[in-house]
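Single-letter residue listing:
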Amino acid sequence: MEWFYDLSEAELRKSVTGLGLKEFVAVQLSTWILNKNIVDPDGWSNISKENRELLTENFDFTLDRSIRTDADPSGTKKFLIELQDGNRIESVLIREKNHYTFCISSQVGCALGCKFCATGNLGFKRDLFSGEIISQVILLKKELGDYEGKINLVFMGMGEPLLNYENLRKALIRLTDEKGISISPRRITVSTAGILKNLKKLEEDFPNIKISFSLNGSDNTQRQKLMPVSKKEHLDDIIEYFRDRKRKHRITFEYVLIEGLNDSLEDAEKVSKLLRGIPSKINIIPYNPNDFADFKTPSEKKVDEFAEFLVKKGLTVMVRWSKGKDIRSACGQLAGE
Ligand code: SAH
Ligand code: SF4
């Protein structure tokens with residue numbers, strides 16, 4: 001039986017017509033499930049009972065199950081989701097003033113082993129299928145019910161999205177399809193530790209999708225100590241690529257600030273030089289503690305000094321004291337526990 005969520009539009013059309021049904025039934029199905037979020041066949045009122053039965057006999061429409069949720073008073077809610085093979089991932093729903101942000105996972109665990117990150121400490125289990133990426137979005141949309149306002153998607157959950165490029169790509173096509181889930185590419189951010197080859201592919205395939213780059217160090221030597229990936233993917237190559245390519249939006253640089261490691265004003269100076277000439281924003285994320293690393297979060301004063309230094313250099317800076325710390329749903333705390 002085919003899992004509905006993992007099919008591209010073309011694959012779905014082929015399977016539906018293969019059952020002897022008209023092609024438009026595929027469109028109706030996508031509209032109900034992906035656009036209107038009605039997963040239960042009883043709700044598909046423009047499809048005959050007979051055809052609904054045929055469809056449920058031939059396709060699996062089960063969403064991956066949320067087995068636990070934790071909410072905090074700000075409305076941030078973390079979902080622990082069990083995949084069909086028993087592996088677990090996490091997704092986070094954040095309620096902002098005028099919109100919602102869904103933080104989505106792309107892999108079970110992560111192979112890159114960044115020293116400060118809970119997911120990295122798990123190691124790599126497997127890539128998510130495109131359907132498992134989409135299933136997270138539908139599950140979180142169901143949670144919102146009849147909602148008003150827009151949804152932003154950020155690939156900042158578990159995993160390195162650019163090490164699962166083909167499934168990411170297939171999911172992004174489905175997610176942005178106007179007849180389906182219909183999230184504007186401008187509202188989607190892919191966060192990456194910097195896998196240059198696939199970063200280039202992503203920007204070729206989806207020029208409007210936003211990029212967030214996890215910088216986290218002020219030069220390659222320092223970054224390597226925190227992010228082993230920097231041994232293979234040299235920071236200078238990535239920066240050069242960012243500087244050379246014309247794009248409509250600014251690149252966001254994420255910088256996890258860790259006491260005594262990358263939080264000095266010399267580091268800030270180096271960061272400001274590194275980003276010179278790149279249309280950018282920088283997000284300072286004071287380190288979120290997890291059980292795996294014994295790093296410390298810098299004091300508020302230190303964080304402010306670092307940020308102010310960059311502001312004085314003319315950079316756009318946001319300090320992100322993370323939401324959802326109490327329920328361990330902040331960046332770097334997702335461990336599928
Ligand atoms: N693999 C991708 C996306 C997932 S990580 C990437 O690395 O970009 C999402 C963000 O969480 C990254 O910017 C990462 O630097 C940040 N992060 C990881 N661990 C953290 C921690 N302990 N405290 C604060 N931010 C953390
Ligand atoms: Fe992987 Fe991103 Fe965590 Fe690094 S920060 S281990 S790339 S999930």
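Residues numbered from 1 in each chain as written. Chains lettered and ligands numbered in written order. Predicted model: local features only at pLDDT ≥ 70, side-chain atom pairs only at ≥ 80, totals over all residues. Heavy atoms only, no water.

A few points about the domain arrangement of the protein chain
Then step 1. Its domain assignment divides the protein chain into domain 1 (2–60) and domain 2 (65–327).
Then step 2. Here domain 1 and domain 2 have C-alpha centroids that lie 33 Å from each other.
Then step 3. Taken residue by residue, the interface counts 16 residues in domain 1 and 18 residues in domain 2.
Then step 4. At the boundary of domain 1 with domain 2, total buried surface from both sides reaches about 1400 Å², with 49% on carbon and sulfur atoms.
Then step 5. Looking only at domain 1, the three residues that lose the most surface to domain 2 are Trp3, Leu34 and Asn37, adding up to 40% of its buried area.
Then step 6. Our count for the contact surface shared by domain 1 and domain 2 stands at 1 salt bridge.
Then step 7. We note a salt bridge from Lys170 to Glu11, for which the minimum N-O separation is 3.0 Å.
Then step 8. Counting the contacts that link domain 1 with domain 2 gives 6 residue pairs in polar contact (both at pLDDT 80 or more). (Domains from an automatic or database assignment. Contact = heavy atoms within 4.5 Å. Buried area = accessible area lost by both parts, 1.4 Å probe. Salt bridge = Lys/Arg side-chain N within 4 Å of Asp/Glu carboxyl O. Polar contact = N/O pair within 3.5 Å; in protein donor to acceptor, adjacent residues only side chain to side chain.)

Focus on the site of ligand 2
Then step 1. Every residue near ligand 2 is listed here: Cys110, Leu112, Gly113, Cys114, Cys117, Gly120, Gly159 and Ala193.
Then step 2. For the shell around ligand 2, the residue count by class is 5 nonpolar, 3 polar and no charged. (Near = heavy atom within 4 Å. Nonpolar A, V, L, I, M, F, W, Y, C, P; charged D, E, K, R; others polar.)

Considerations on the nonpolar core
Then step 1. Core analysis: the biggest nonpolar cluster contains 96 residues, and Tyr5, Ile33, Leu55, Phe102, Phe242, Phe253 and Ile282 have the highest contact counts within it.
Then step 2. Shared between two domains, this core takes at least three residues from each, and those domains are domain 1 (2–60) and domain 2 (65–327). (Core = buried A, V, L, I, M, F, W, Y, C linked by side-chain atoms within 4.5 Å. Buried < 20%, exposed > 50% of the residue type's maximum accessible area, 1.4 Å probe, protein only.)

Focus: the layout of surface pockets
Then step 1. Within this model, the second largest pocket holds a volume of roughly 210 Å³.
Then step 2. Every residue lining the second largest pocket is listed: Asn35, Lys141, Tyr147, Gly149, Lys150, Ile151, Ile181, Ser182, Ile183, Ser184 and Arg187. (1 Å grid on protein atoms, 1.4 Å probe; cavity = no way out; pocket = protein on both sides within 12 Å on 5 of 7 lines; lining within 4 Å. Points joined across faces, edges and corners; volume = space filled by probe spheres on them.)

Some details on the sheet that holds strand S9 (residues 150–155)
Then step 1. Across the sheet, 10 strands lie side by side as S3-S4-S5-S6-S9-S10-S11-S12-S13-S14; this open sheet has mixed pairing. Among the strands making up the open sheet, the edge pair consists of strand S3 (65–71) and strand S14 (317–319). Each neighbouring strand pair of the sheet contributes to a mean axis angle of 20 degrees, computed without reference to strand direction.
Then step 2. Examined bridge by bridge, strand S13 (residues 280–286) and S14 share 3 bridges and lie parallel to one another. From the neighbouring strand, Ile282 faces S14, where its bridge partner is Val317. (Pairing = 2+ DSSP bridges. Helix = DSSP H or I, 4+ residues; strand = E, 2+ residues; numbered from the N terminus. Axes fitted to C-alpha atoms, helices over the stretch in contact; angles between N-to-C directions.)

Regarding empty space enclosed by the protein
With a probe scaled to a water molecule rolled over the atoms, the places where space remains empty come into view.
Then step 1. The full count for this structure, using the stated rule, is 2 cavities of 30 Å³ or more.
Then step 2. Volume-wise, the second largest cavity comes out at about 80 Å³.
Then step 3. Every residue along the wall of the second largest cavity is listed here: Glu9, Leu12, Arg13, Ala26, Val27, Ser30, Thr31, Arg174, Asp177, Lys179 and Gly180.
Then step 4. At 4 residues, helix H2 (residues 24–35) tops the list of elements feeding residues into the lining of the second largest cavity.
Then step 5. Shared between two domains, the lining of the second largest cavity takes at least three residues from each, and those domains are domain 1 (2–60) and domain 2 (65–327).

Quick look at the pattern of salt bridges
Then step 1. For the coordinates displayed, the defined rule picks out 20 salt bridges.
Then step 2. The closest approach of N and O atoms between Glu132 and Arg126, which form a salt bridge, is 2.9 Å. In terms of burial, Glu132 and Arg126 fall into one category: buried.
Then step 3. Lys301 serves as the salt-bridge partner of Glu305, at 3.4 Å between the closest nitrogen and oxygen.

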